[in-house]
Amino acid sequence: MQSQSLIRAVVDAAALRHNLRQARRVAPGSRVMAVIKANAYGHGIVPAAKALAEADGFAVARFGEGLALRAAGLTNRILLLEGVFSADQLAAAAQARFELMVHSFEQLELLEALTGDAQVIAWIKVDSGMNRLGFRLDEFGAAYERLRRNVHVHAEPTLVTHLASGDDRRNPQTRRQLDAFASATSGLAGARSIANSAGVLAWPTSRADWVRPGLMLYGVSPFPSGTGAELGLRPAMTLRTEVIAVKDVKAGETVGYGGSWTASRDTRMAVVAAGYGDGYPRGSSSGTPVLISGRRVPLIGRVSMDMITVDVTDLPVVAVGDPVVLWGSEIPVEEVAAHAGAIAWDLLCGVSQRVPLEIG
Ligand SMILES: *Cc1c(COP(=O)(O)O)cnc(C)c1O
């Protein structure tokens, strides 16, 4: 179906599949729980799941995300990364065959209060130092034993932790977390899962039985510098739009809200159909690269809700309707994020609902 929107996010299903294969190549001994929370980082949860159907399972954060996958007919394993928060949700999760993260005593109690013969697959989370979700090291052994004794829980729970600083190859916190997890789980039966994208790519000992890559599946680097392409990944999303006006301003004139950008020379500028209402980051600074007709040109002035302005003085020709790429293979989203003081995760899952997604 052809949408009338000038701005659209074009998702390359072949790139998603390539990135999944890349994760397998890097972690050949691990099963892959593909993380597709937050609408598959803005790529569209159902089409992304279909493209990634070869994964060993899907991880989501919200109950409704799992239901959307089941409603679309997907029968894959689905892990709720934060588990369930009420008896009703637990019953519905068992019904939908969702696998549950168990990270708190409240969740253990919900499982212990379950009646009937429902069975669930459980993953149990150790807080090895991130201090977000998970059982503390000193309470983990007891929590694990209670979970194992629970008649509603299948076989052995998978033992999980999450890295706080895996994206920083020199940060000693990761080594400390790996050691803490190893000693907390020593001798306990069950598969292990530690690595997010940064773990997969930078911390071989974090790969274990299951990896949980998110960002890298979308072709984007989890590290503070460099791009997905440099890691053998292919960016899956290209955010495309068009030029909607071209005009000339004189040296000394200002452009946009607050007059925050002043022309230092006579300037030809293009107005482009993209703004923070579409999820283009409002914090983007003048100089952020934008691709017009295949050439890089700098953003000027403030990002508006529906428009941005770009200096096209150095382009030979510019016309209304010229194609624009805001990010994608030629303008890495990592680079745009850096210019906005943001991170790639934020830009991708911030693409707003009014932007049509096209997957092909
Ligand atoms: C989001 C998330 C991941 C994936 O993280 P990336 O950095 O995007 O690879 C893995 N595990 C958990 C628990 C998560 O919440």
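Everything numeric in this text was worked out from a predicted model, so none of it was measured.

Parameters at a glance
- Residues numbered from 1 in each chain as written.
- Predicted model: local features only at pLDDT ≥ 70, side-chain atom pairs only at ≥ 80, totals over all residues.
- Heavy atoms only, no water.
- Near = heavy atom within 4 Å.
- Polar contact = N/O pair within 3.5 Å; in protein donor to acceptor, adjacent residues only side chain to side chain.
- Areas by Shrake-Rupley, 256 points an atom, 1.4 Å probe, with all protein chains shown as cover.
- Salt bridge = Lys/Arg side-chain N within 4 Å of Asp/Glu carboxyl O.
- Helix = DSSP H or I, 4+ residues; strand = E, 2+ residues; numbered from the N terminus.
- Buried < 20%, exposed > 50% of the residue type's maximum accessible area, 1.4 Å probe, protein only.
- Core = buried A, V, L, I, M, F, W, Y, C linked by side-chain atoms within 4.5 Å.
- Domains from an automatic or database assignment.
- Contact = heavy atoms within 4.5 Å.
- Buried area = accessible area lost by both parts, 1.4 Å probe.
- Expected span 1.5 Å × (residues − 1).
- Pairing = 2+ DSSP bridges.

J.: Looking at this structure, I do not really get the site of the ligand. What am I missing?
T.: Not every one of the 13 residues close to the ligand is listed here, only the nearest: Lys37, Tyr41, Ser197, Gly214 and Leu215. In the model, an oxygen atom of the ligand is placed 2.6 Å from a nitrogen or oxygen of the Tyr41 side chain. Contacts to the ligand include Ser197, whose side-chain N or O atom sits 2.5 Å from an oxygen atom. Protein coverage of the free-state accessible area of the ligand, which is 390 Å², stands at 91%.

J.: What is the right way to look at the pattern of salt bridges in this model?
T.: Two side chains that carry opposite charge are able to pair once their charged atoms sit near each other. The final tally for this structure, using the stated rule, is 11 salt bridges. For Asp314, the salt bridge identified is with Arg265, shortest N-O distance 3.2 Å. Here Arg265 lies in the loop between strand 12 (261-262) and strand 13 (267-272) and Asp314 lies in the loop between strand 16 (308-311) and strand 17 (323-327), a separation of 49 residues in the sequence. On the accessibility criterion, Asp314 (54% relative accessible area) is exposed. One salt-bridge network, held together by shared partners, links Arg265, Asp311 and Asp314.

J.: How do you make sense of the nonpolar core when you look at a structure like this?
T.: Side chains that are nonpolar tend, in soluble globular proteins, to be buried together. Counting residues in each nonpolar core, the largest one holds 109 residues, and the members touching the most others are Ile36, Ile292 and Trp327. With five residues, the top contributor of residues to this core is helix 1 (residues 13-26). For this core, the domains that each give at least three residues are domain 1 (14-222) and domain 2 (237-359). Apart from residues lying up to four places away in sequence, Trp327 is in contact with Met237, Thr238, Leu239, Gly279, Tyr280, Pro281, Val333, Val336, Leu347, Leu348 and Val351. Counting residues in hydrophobic clusters, the runner-up holds seven residues, among them Val255, Trp261, Ala263 and Met269.

J.: Can you help me understand the domain arrangement of the protein chain in this one?
T.: For interface size, the figure often reported is the accessible area lost on association. Per the domain assignment, the segments of the protein chain are domain 1 (14-222) and domain 2 (237-359). On the domain 2 side, the residues contacting the 14 residues of domain 1 number nine residues. Summing the contributions of domain 1 and of domain 2, the shared interface buries around 960 Å²; its carbon and sulfur component is 75%. Seen at the junction of domain 1 and domain 2, the total is zero salt bridges.

J.: What's the story with helix 1 in this structure? I'm lost.
T.: Note on helix geometry: an α-helix contains 3.6 residues per turn, so any two residues three or four positions apart are oriented the same way. Here helix 1 contains 14 residues, and its C-alpha end-to-end distance of 20 Å stays within 8% of the 20 Å for a straight helix at 1.5 Å per residue. In the core, the buried residues of helix 1 are packed alongside strand 1 (8-11), strand 2 (31-35), helix 3 (45-51), helix 9 (197-202) and strand 18 (357-359). The backbone nitrogen of Ala14 lies 3.0 Å from a side-chain oxygen of the residue at the head of helix 1, namely Asp12.

J.: Which parts of the structure should I look at to understand the pairing of strand 2?
T.: Judged by how many residues are buried, strand 2 sits mostly within the fold: four of five residues are covered. Note that strand 2 and strand 9 (residues 210-211) share two bridges and pair parallel. Note on strand 9: the bridge partner recorded for Arg31 is Trp210. In this structure, strand 2 lies alongside strand 3 (residues 57-60), joined through three bridges in parallel fashion. Pairing of Met33 across the sheet is with Gly57, part of strand 3.

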